[in-house]
Amino acid sequence: MNTSTLILEEIKVKKGKVMSGAEAVLQSLIAEGVDTIFGYPGGAIMPIYDALYHYDKQITHYLVRHEQGATHAAQGYSRVTGKTGVCFATSGPGATNLITGIADAQIDSTPMVCITGQVASPLLGSDAFQETDVVGISMPVTKWNYQVTKAEEIPEAISRAFYIANSGRPGPVVIDITKDAQIGEFEFNYKKCERIRSYHPYPAVIEEKIDEAIDLIKDAKKPYLLIGHGILISKAQKELSAFVEKSGIPFASTLLGLSAMPVDHPLYMGYLGMHGNYGPNLLTNECDVLIAIGMRFDDRVTGSVATYAKQAKVIHVEIDPSEIDKNVKTTVAINSDAKAALIALTRKIDKRTYPDWLAKFKACDEKEFEKVIKDEYNPTSEKLRMGEVIHILSEKTKGSAILVTDVGQHQMVASRYYRFSQTDSNVTSGGLGTMGFALPAAMGAKIALPTRQVVAVIGDGGFQMTIQELGTISQYGVAVKVIVLNNNFLGMVRQWQQLFFDKRYSFTELKNPDFQMIAKGYGMEVNKVEHRENLDKAISDLLNHDGPYFLEVIVEKEGNVFPMVPSGASVSDIRLE
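Bear in mind that the values here come from a model prediction, so they are computed numbers and not experimental data.

Engineer: Explain the overall build of the protein here, please?
Structural biologist: Within the protein, the regular secondary structure consists of 24 helices and 20 strands. Over its C-alpha trace the protein gives a radius of gyration of 24 Å, about what one expects of a compact globule, namely 25 Å for 577 residues. For the C-alpha atoms alone, the extent of the protein along its principal axes is close to 70 × 60 × 50 Å. Put simply, 77% of the contacts in the protein that link residues at least 6 apart link residues at least 24 apart. Charge-centre separation for the protein: the mean point of 59 positive side chains lies 4 Å from the mean point of 68 negative side chains.

Engineer: Looking at this structure, I do not really get the side chain of serine 109. What am I missing?
Structural biologist: Here serine 109 lies in the loop between helix H6 (99–107) and strand E5 (112–118). Residue contacts for serine 109: discarding those within four places in its chain leaves Arg169, Pro170, His229 and Ile233.

Engineer: So what exactly am I meant to see when it comes to the nonpolar core here?
Structural biologist: In summary, soluble globular proteins display a tendency toward joint burial of nonpolar side chains. Core analysis: the largest hydrophobic core is formed by 100 residues, its most contacted members being Leu225 and Leu290. If we skip the residues at most four places from it in the chain, leucine 225 touches Leu240, Phe243, Val244, Ile249, Pro250, Phe251, Ala252, Ile291 and Ile293. Within the second largest apolar cluster, 48 residues are counted, among which are Ile102, Cys114, Ile402 and Val526.

Engineer: Would you mind going over the layout of surface pockets with me for this structure?
Structural biologist: Remark: the empty space left among the atoms is shown by a probe the size of a water molecule rolled over them. There is about 400 Å³ of room inside the second largest pocket. Listing elements by their share of the lining of the second largest pocket, those giving two or more residues are strand E11 (268–271), helix H16 (355–377) and helix H18 (409–417). When its residues are assigned to classes, the lining of the second largest pocket shows 10 nonpolar, three polar and four charged. Shared between two domains, the lining of the second largest pocket holds at least three residues of each, these being domain 2 (207–361) and domain 3 (382–554).

Engineer: Help me out: how do you make sense of the environment of asparagine 327 in this one?
Structural biologist: Mapped onto the elements, asparagine 327 comes out in the loop between strand E13 (313–317) and strand E14 (332–334). Put simply, asparagine 327 and histidine 72 are 255 residues apart on the chain and 28 Å apart in space, counted from C-alpha to C-alpha. With sequence-adjacent residues up to four places away left out, asparagine 327 is seen in contact with Arg296, Phe297 and Val305. Among the polar contacts listed, one links the side chain of asparagine 327 to the backbone oxygen of phenylalanine 297, at a separation of 3.0 Å.

Engineer: Got a minute to help me understand the packing of aromatic side chains in this structure?
Structural biologist: Here a ring pair, both rings aromatic, is described through the centre-centre distance and the interplanar angle of the planes. Summed over the entire model, instances satisfying the criterion amount to 19 aromatic pairs. Summarising the aromatic geometry, the rings of tyrosine 418 and phenylalanine 420 are spaced 5.0 Å apart at their centres and angled 65° between planes, so their arrangement reads as edge-to-face. Through a chain of ring-to-ring contacts, three or more aromatic side chains come together here, namely Phe38, Tyr62, Tyr77 and Tyr476.

Engineer: Explain the pairing of strand E17 (residues 454–459) here, please?
Structural biologist: Taken residue by residue, a regular strand's side chains alternate between the two faces of the sheet. With six of six residues buried, E17 is to be regarded as a mostly interior element. Every second residue of E17 is oriented toward a common face, with Val454, Ala456 and Ile458 on one face and Val455, Val457 and Gly459 on the other, all of them buried. Relative to E17, strand E15 (residues 402–405) is paired through four bridges, and the arrangement is parallel. Following the sheet pairing, threonine 405 is matched in E17 by valine 457. As paired elements, E17 and strand E18 (residues 481–486) share five bridges and run parallel to each other. Counterpart to alanine 456 in the pairing with E18 is valine 482.

Engineer: Can you walk me through the domain arrangement of the protein in this structure?
Structural biologist: A common measure of how large an interface is: the accessible area buried when the components associate. Taken as a whole, the protein is organised into domain 1 (3–187), domain 2 (207–361) and domain 3 (382–554). One C-alpha centre belongs to domain 2, the other to domain 3; they are set 31 Å apart. Contacts between the two partners involve 18 residues from domain 2, matched on the other side by 19 residues from domain 3. For the pairing of domain 2 and domain 3, the buried interface totals around 1500 Å² over both sides, and the portion due to carbon and sulfur atoms is 57%. Sorting the residues of domain 2 by area buried against domain 3 places Ser259, Val263 and His275 first, and these three jointly supply 38% of that buried surface. Summed over the shared surface of domain 2 and domain 3, the number is zero salt bridges. Tallied by class, the residues present in the side of domain 2 that touches domain 3 amount to 10 nonpolar, five polar and three charged.

Engineer: What should I look at first to understand the environment of phenylalanine 437 in this one?
Structural biologist: Looking at the secondary structure, you find phenylalanine 437 in the loop between strand E16 (426–428) and helix H19 (438–448). Classification of phenylalanine 437 by relative accessible area gives buried; the value is 0%. For the pair phenylalanine 437 and valine 404, spaced 33 residues apart in the sequence, the C-alpha separation amounts to 8.8 Å. Residue contacts for phenylalanine 437: discarding those within four places in its chain leaves His72, Gln75, Arg79, Asp104, Val404, Thr405, Asp406, Val427, Thr428 and Ser429.

Engineer: Any chance you could explain unusual backbone geometry here in plain terms?
Structural biologist: Most peptide bonds are trans, and most residues other than glycine sit at a negative phi. Residue proline 563 follows phenylalanine 562 across a cis peptide bond; omega there is 0°. If you check the backbone angles, aspartate 424 has positive phi at about 55° while not being a glycine. If you trace the backbone, aspartate 424 turns up in the loop between H18 and E16.

Definitions and limits used
- Residues numbered from 1 in each chain as written.
- Predicted model: local features only at pLDDT ≥ 70, side-chain atom pairs only at ≥ 80, totals over all residues.
- Heavy atoms only, no water.
- Helix = DSSP H or I, 4+ residues; strand = E, 2+ residues; numbered from the N terminus.
- Rg over C-alpha atoms; globule rule 2.2 N^0.38 Å.
- Contact = heavy atoms within 4.5 Å.
- Lys, Arg positive; Asp, Glu negative; His and termini not counted.
- Charge placed at Lys NZ, Arg CZ, Asp CG, Glu CD.
- Core = buried A, V, L, I, M, F, W, Y, C linked by side-chain atoms within 4.5 Å.
- Buried < 20%, exposed > 50% of the residue type's maximum accessible area, 1.4 Å probe, protein only.
- 1 Å grid on protein atoms, 1.4 Å probe; cavity = no way out; pocket = protein on both sides within 12 Å on 5 of 7 lines; lining within 4 Å.
- Points joined across faces, edges and corners; volume = space filled by probe spheres on them.
- Nonpolar A, V, L, I, M, F, W, Y, C, P; charged D, E, K, R; others polar.
- Domains from an automatic or database assignment.
- Polar contact = N/O pair within 3.5 Å; in protein donor to acceptor, adjacent residues only side chain to side chain.
- Phe/Tyr/Trp six-rings, centres within 6.5 Å; stacked < 30°, edge-to-face > 60°.
- Pairing = 2+ DSSP bridges.
- Buried area = accessible area lost by both parts, 1.4 Å probe.
- Salt bridge = Lys/Arg side-chain N within 4 Å of Asp/Glu carboxyl O.

This is the structure:
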């Protein structure tokens, strides 16, 4: 009998048995298929942790070094599997330390269930020790939250939490459980939630809307497809490939849409956004039909909305109705799951080619290569550049690693130059832009998929925000490969200060510690590269090492990332230098 059968047998035995609320939490999680939890114990959640002591064969718990690390690890775990990430924290500061990660998961549509302990229900509202209004605080940044004050509420609350978190447009859910609810006993029964009245997460595809979209595309001379995170969430990669190959329409990706399709696809034009590729940004304002699937027209993609794609008829496929017409006015709105819409569109689309339109993208690519990319691949500067590090990493991994990036210049460079060849390989903080995201998220991704190579690329600023998670990585032997691109600056802010604030570098230069000594103190293998001739071997050593590895690369101190769409400018104003 295998382990999963044993777990199912145990659930059958426990059904209807009288147990504590704390044990009911764990039985409910097992019923939802949870086998991994990231967390940090404390007084108000101690009964759950005491029960967890006896569940070590069914659930693996990872003790993080800070509760924010638990949320990002759960996000990384979720982003590469599509499963709901789970984390635990105690009341008060433990719970409030989760908020940044919860907000990050909300804006990037990552399913996560956060279970927090709370003071006993008679003490609610009394400003008891480590009491905070977690439900009130988290309400603006959760898909749903709920406070449990009675043990018998636990199964239904957790069942609903998992259904809500990972249906429709996914997102984070918080379940706050008072201490007396954890201790109280009741007869446990668990029923998985399959529907909630008035909640319809999967709107049906309306054929009339599909027909309207097809009519627009048939008349188009310069159609252009933008793909976003929704492709990955709905697991519509094959459907996207079928649509692209039949329609012949060139496509580009948002930051979170990267790795939905291999970047060497002949119709893939590049990466959108403030530091995206030249052609994909510039030609947005030349297309005649713009098809957006599973993306929300974030300001980093649109630049000035007042000048964005005004010449184009816009088809927007989006599962969340609140995102339709929010930023960009649509001609045809298809409120649907991306996979279902792509199947319907592909069935009716005609096979066509657009050689003249593709030639415009190619001309832009050639210009960008000469002005920007050539010098990143083969730099003339004495100092190492971020682009060459990512280029070598991409070559050595053949674009097949899971790339986890933090926030800043390195994030933009990695997104531009890593040649993704395998799907579900890009993990980053998009909408919230959370520095400190990458290290714990990479840990979560590696725990989820231990056979995949996972590389975290981090700036020296963001690294220090969650550097303590090196302790978690070391304690559990999580074989994450960490590359810190160190320019001793908060590089992205410094670039803006250089270009738009007359080089007034106000509080952006960093005096960093000895990162190698810190990583070595946590028991990791370490290396540092300052000269170009040592870079190739250093990256090989990093990738070939059996276990966690830390590599610091000293890069050009005042290097900039181009192209760049200045904040608030039109995508037509994209700068190459």
